[in-house]
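Inside the fold
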Amino acid sequence: MAELSSQPASASASRVLVVGGGSREHAIAHTLQGEGATVFVAPGNAGTASFATNVALSATDLPAVVAAAKTHAVDLVVVGPEGPLVAGLADALRDAGIPTFGPSGAAARLEASKIFMKEFLARHAIPTAAFAVFDDAAKATAHLEQLGRPLVVKADGLAAGKGVVVPKTVDEAVEAVKAFMIERVHGEAGARIVLEEFLPGEEASFHVLCDGERYVALPAAQDHKRVRDLDEGPNTGGMGAYAPAPVVTEAVKAKVLARVVEPTLKGMAAEGHPFRGVLFVGLMVEDGEPRVLEFNVRFGDPETCVLMPIFRGHWRTLLLGAATGALPAELPAPRPVHALGVVMAAEGYPEKVTTGDAIDGLEDDAAGEAIVHHAGTRLHEGRVVTSGGRVLCVTAEGATLEEARDRAYARVATVRFRGEHHRSDIGARALVKR
Ligand code: AMP
Ligand code: GLY
């Protein structure tokens, strides 16, 4: 499988529907609009409403999304979140003749089922943590007690980023098994689980655009999963990101391409499900050795906020190329920028979230040096109020990572809402190394 070898996408999409409503979709929609497209976002948020047309619908209502794509005569649909992809949205849109960025429902199983993903990795000898699958809580508990040390506990199905527990003790692991399999805190998603070895190291988010045959790898990004500084507190959907991430050196990248990306894309094609869209490889890198933590079948959020600036001006071509089997012959030269995004979260996130609070300071954009990407926001009586756990992702670019960080945090300081919290150490791992 060649990394780069194709004709450039000939047509350029001029009307695009972006499906979703997080900071990822804000960043994609804003970037495409900046490249000249007329953009619709379904359902979008208060941020996307300020420059694009929001379409009020549920992203998992497949007939409604197909109808909206037709009504607005779009020539490209970009699907943001995994839920609609797993439900078969890309299939439904392609069946209707609409070029769509996103994998088929069958290919989306790489994210929808941890068991499918782990067994796929094992089948294709792709490096990952050793694991075992359980459909019985008593057997899983016995396995942990016999082993005498904690294993990472993962619900098989989608659980909005909450289906993984990294326990410190056997007791905590047993508790997680009970919560997933007996109490069913994530419903059927926890009916079966994976227990796997803890992998030490540093994480990276490695995104690969694929058109079903060819691929191009984007520079690595790094997310910050834990809610508090110094990686403390529970896991979240992601509290901030930056790119490029130096943990993925050229040598690590070469290993990821040869040992993970190539066998995965070849394997999916050989199994009858060629991958089209973006494959997001969640990596753990230890001493220069990458292993797969997970696959996602869509862009990371907030990683997208920091990846968009690097290829600004080229995203329409890249996304349409991946959608239509015509990735450009060469990835354009990356802009020589560093980008960093800080998530501002609502009170209680990631547990019980309070919403409905007015957000102040959105208007005074500090000389255009940062973009306030919206996530959980909506308009209420003419004001922007919080409507979800992750509320905003304040993103800036700079000639250096320090500059990007300073610009992003300067803007964060001007935005306020009751109960707001954010991490103050986004980018620290990369900055400490220099
Ligand atoms: P996942 O959704 O599988 O990526 O898991 C969510 C988060 O849990 C990851 O981003 C890691 O921070 C952590 N995690 C998952 N699996 C492991 C593992 N085997 N070893 C260490 N940390 C893990
Ligand atoms: N930020 C991690 C994710 O999108 O899954």
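Okay, so let's go over this structure. (Residues numbered from 1 in each chain as written. Chains lettered and ligands numbered in written order. Predicted model: local features only at pLDDT ≥ 70, side-chain atom pairs only at ≥ 80, totals over all residues. Heavy atoms only, no water.)

Quick notes on the site of ligand 1
Rule in force here: Each residue is tested against the molecule or strand, and it is near if at least one of its non-hydrogen atoms lies within 4 Å. Definition of a polar contact: a pair of N or O atoms within 3.5 Å, with one able to donate and the other able to accept a hydrogen when the atoms are protein atoms, and with sequence-neighbouring residues admitted only if both atoms are side-chain atoms. Note on areas: these come from Shrake-Rupley sampling with a 1.4 Å probe, and a residue is covered only by the protein chains present in the view. Secondary structure elements are defined from DSSP: runs of H or I of at least 4 residues count as helices, runs of E of at least 2 residues count as strands, and each element is numbered from the N terminus.
As a matter of local geometry, ligand 1 sits amid 15 residues, with Glu-196, Glu-197, Leu-199, Glu-203 and Glu-294 nearest to it. Leu-199 has a polar backbone atom sitting 2.7 Å from a nitrogen atom of ligand 1. Protein coverage of the free-state accessible area of ligand 1, which is 470 Å², stands at 92%. Listed by contribution, the elements that provide at least two residues to the shell around ligand 1 are β7 (152–155) and β17 (289–296).

Some words on the pairing of strand β9 (residues 193–196)
In plain terms, the rule: Exposed residues in this analysis have more than 50% of their type's maximum accessible area, buried residues have under 20%, and partly exposed residues fall in between, with area computed by a 1.4 Å probe over protein chains only. When DSSP finds at least two bridges between two strands, those strands are taken to pair.
Neither face of β9 is open: one carries Ile-193 and Leu-195, the other Val-194 and Glu-196, and all of them are buried. Pairing between strand β6 (residues 131–134) and β9: four bridges, direction antiparallel. Note that in β9 the partner of Ala-132 across the bridge is Leu-195.

Some thoughts on the nonpolar core
Our working rule: Within this scheme, the nonpolar core is defined by two criteria: the residues are buried Ala, Val, Leu, Ile, Met, Phe, Trp, Tyr or Cys, and they are joined through side-chain atoms within 4.5 Å. Contact criterion: two residues are considered in contact whenever any of their non-hydrogen atoms come within 4.5 Å of each other.
Core analysis: the biggest nonpolar cluster contains 78 residues, and Leu-17, Val-77, Leu-110, Phe-206, Phe-295 and Leu-392 have the highest contact counts within it. Residue contributions to this core peak at seven residues, all from helix α9 (residues 250–270). Those residues in contact with Phe-295 that sit more than four places away from it in its chain are Leu-110, Glu-111, Met-117, Leu-121, Val-260, Thr-264, Leu-279, Phe-280 and Val-281. In this structure, Ala-52, Met-308, Leu-327 and Ala-339 belong to the second largest nonpolar core, which totals 43 residues.

Let's talk about empty space enclosed by the protein
Convention followed: Of the two site types, the cavity is a set of points on a 1 Å grid over the protein atoms alone where a 1.4 Å probe fits but cannot get out, and the pocket is an open set with protein on both sides within 12 Å along at least five of seven lines, each lined by residues with an atom within 4 Å of a point. Grid points are joined across faces, edges and corners, and a volume is the space filled by probe spheres set on the points.
The tally for this structure, following the rule as stated, stands at two cavities of 30 Å³ or more. Roughly 30 Å³ of volume is contained in the second largest cavity. Forming the boundary of the second largest cavity are Val-79, Gly-80, Leu-85, Phe-101, Gly-102, Pro-103, Gly-277, Val-278, Val-297, Arg-298 and Phe-299.

A word on the packing of aromatic side chains
To keep it simple, the criterion reads: For Phe, Tyr and Trp, where Trp contributes only its six-membered ring, two rings pair if their centres lie within 6.5 Å, and the inter-plane angle classes them as stacked under 30 degrees, edge-to-face over 60, or tilted in between.
Applying the stated criterion across every chain yields a total of four aromatic pairs. With a centroid separation of 5.8 Å and 20° between ring planes, the pair formed by Phe-101 and Phe-299 is classed as stacked. Of this pair, Phe-101 sits in strand β5 (residues 100–101) while Phe-299 sits in the loop between β17 and α10 (303–307), and the two are 198 residues apart along the sequence. Among the residues examined, Phe-101 registers a relative accessible area of 1% and is labelled buried. On the accessibility criterion, Phe-299 (2% relative accessible area) is buried. Where Phe-299 meets Trp-315, the ring centres are 6.0 Å apart and the plane angle is 75°; that geometry is what we call edge-to-face. Of this pair, Phe-299 sits in the loop between β17 and α10 while Trp-315 sits in helix α11 (residues 315–324); the two residues are 16 residues apart in sequence, bridging distant segments of the chain.

Description of the sheet that holds strand β2 (residues 38–43)
Put simply, the rule is: A fitted line through C-alpha atoms represents every axis, and for helices the fit uses only the stretch in contact; the resulting angles, taken between N-to-C directions, go from 0 to 180 degrees.
Spatially, β3-β2-β1-β4-β5 is the arrangement adopted by the five strands of the open sheet, whose pairing is parallel. Single-partner strands in this sheet number two, and they are β3 (53–54) and β5. Pairing geometry for strand β4 (residues 76–79) and β5, over two bridges, is parallel. Bridging from a neighbouring strand, Val-78 pairs with Phe-101 of β5. Strands in contact with helix α1 (residues 23–34) are β1 (15–20), β2 and β4; relative to β1, the strand with the most contacts, it is inclined by about 170°.

A few points about the packing of α1 against α11
How we decide: Any angle from 65 to 115 degrees is called roughly perpendicular, while one under 35 is roughly parallel, one over 145 is roughly antiparallel, and all others are oblique. For this classification, Asp, Glu, Lys and Arg are treated as charged, while Ala, Val, Leu, Ile, Met, Phe, Trp, Tyr, Cys and Pro are nonpolar and the rest, including Gly, are polar.
Running from N to C, α1 and α11 cross one another at 115°; their axes reach a closest spacing of 9 Å. The orientation of α1 relative to α11 falls into the category roughly perpendicular. Two secondary-structure elements touch here, α1 through Ile-28, Thr-31 and Leu-32 and α11 through Trp-315, Arg-316 and Leu-319. Considered class by class, the residues forming the contact of α1 with α11 number four nonpolar, one polar and one charged.

Looking at the site of ligand 2
In the neighbourhood of ligand 2, the contacting residues comprise Asp-223, Lys-225, Gly-237, Phe-280, Asn-296, Arg-298, Gly-300, Asp-301, Pro-302 and Glu-303. Backbone polar atom of Asp-301 to a nitrogen atom of ligand 2: 2.9 Å apart, as the coordinates give it. A distance of 2.8 Å separates a nitrogen atom of ligand 2 from a polar side-chain atom of Glu-303. Protein chains bury 91% of the 200 Å² of accessible surface belonging to ligand 2 in isolation. Residue composition of the shell around ligand 2, grouped by class: two nonpolar, three polar and five charged.

Comments concerning a negative patch on the surface
Stated precisely, the cut-off is as follows: Only residues whose relative accessible area exceeds 30% and that take part in no salt bridge are eligible for patches, with like-charged residues grouped when within 9 Å of each other and nonpolar side chains (Val, Leu, Ile, Met, Phe, Trp, Tyr) grouped when within 5 Å. Within this document, salt bridges are pairs made up of a side-chain nitrogen of Lys or Arg and a carboxyl oxygen of Asp or Glu, the two lying within 4 Å of each other. The charge count treats Lys and Arg as positive and Asp and Glu as negative. His and the chain ends do not count. Taken as the charge location is NZ of Lys, CZ of Arg, CG of Asp or CD of Glu.
Negative charge collects at one region of the surface, where Glu-145, Asp-171, Glu-172, Glu-175 and Glu-183 lie side by side. Counting through the fold element by element, Glu-175 comes out in helix α8 (residues 170–182).

Side note on unusual backbone geometry
Each neighbour pair has its own omega, and for Ala-243 with Pro-244 the value is -10°, a cis peptide bond. As for its position among the elements, Pro-244 is in the loop between β15 (240–243) and α9. The amide bond that connects Asp-301 to the next residue, Pro-302, takes the cis arrangement and shows omega of 20°. Along the polypeptide, Pro-302 turns up in the loop between β17 and α10. The backbone phi angle of Asp-231 is positive, close to 60°, even though this residue is not glycine. Note that Asp-231 resides in the loop between β13 (226–228) and β14 (232–235).

Notes on the sheet that holds β7
In spatial order, the strands read β6-β9-β7-β8; together these four strands make up an open sheet with antiparallel pairing. The two strands at the open ends of the sheet, each matched to only one other strand, are β6 and β8 (164–165). In terms of strand pairing, β7 meets β9 through four bridges, oriented antiparallel. Residue pairing for β9: Lys-154 is matched across the bridge by Val-194. α8 rests against β6, β7, β8 and β9 of the sheet, and its axis sits at about 5° to β7.

Interpretation in functional terms is not warranted from these geometric data alone.
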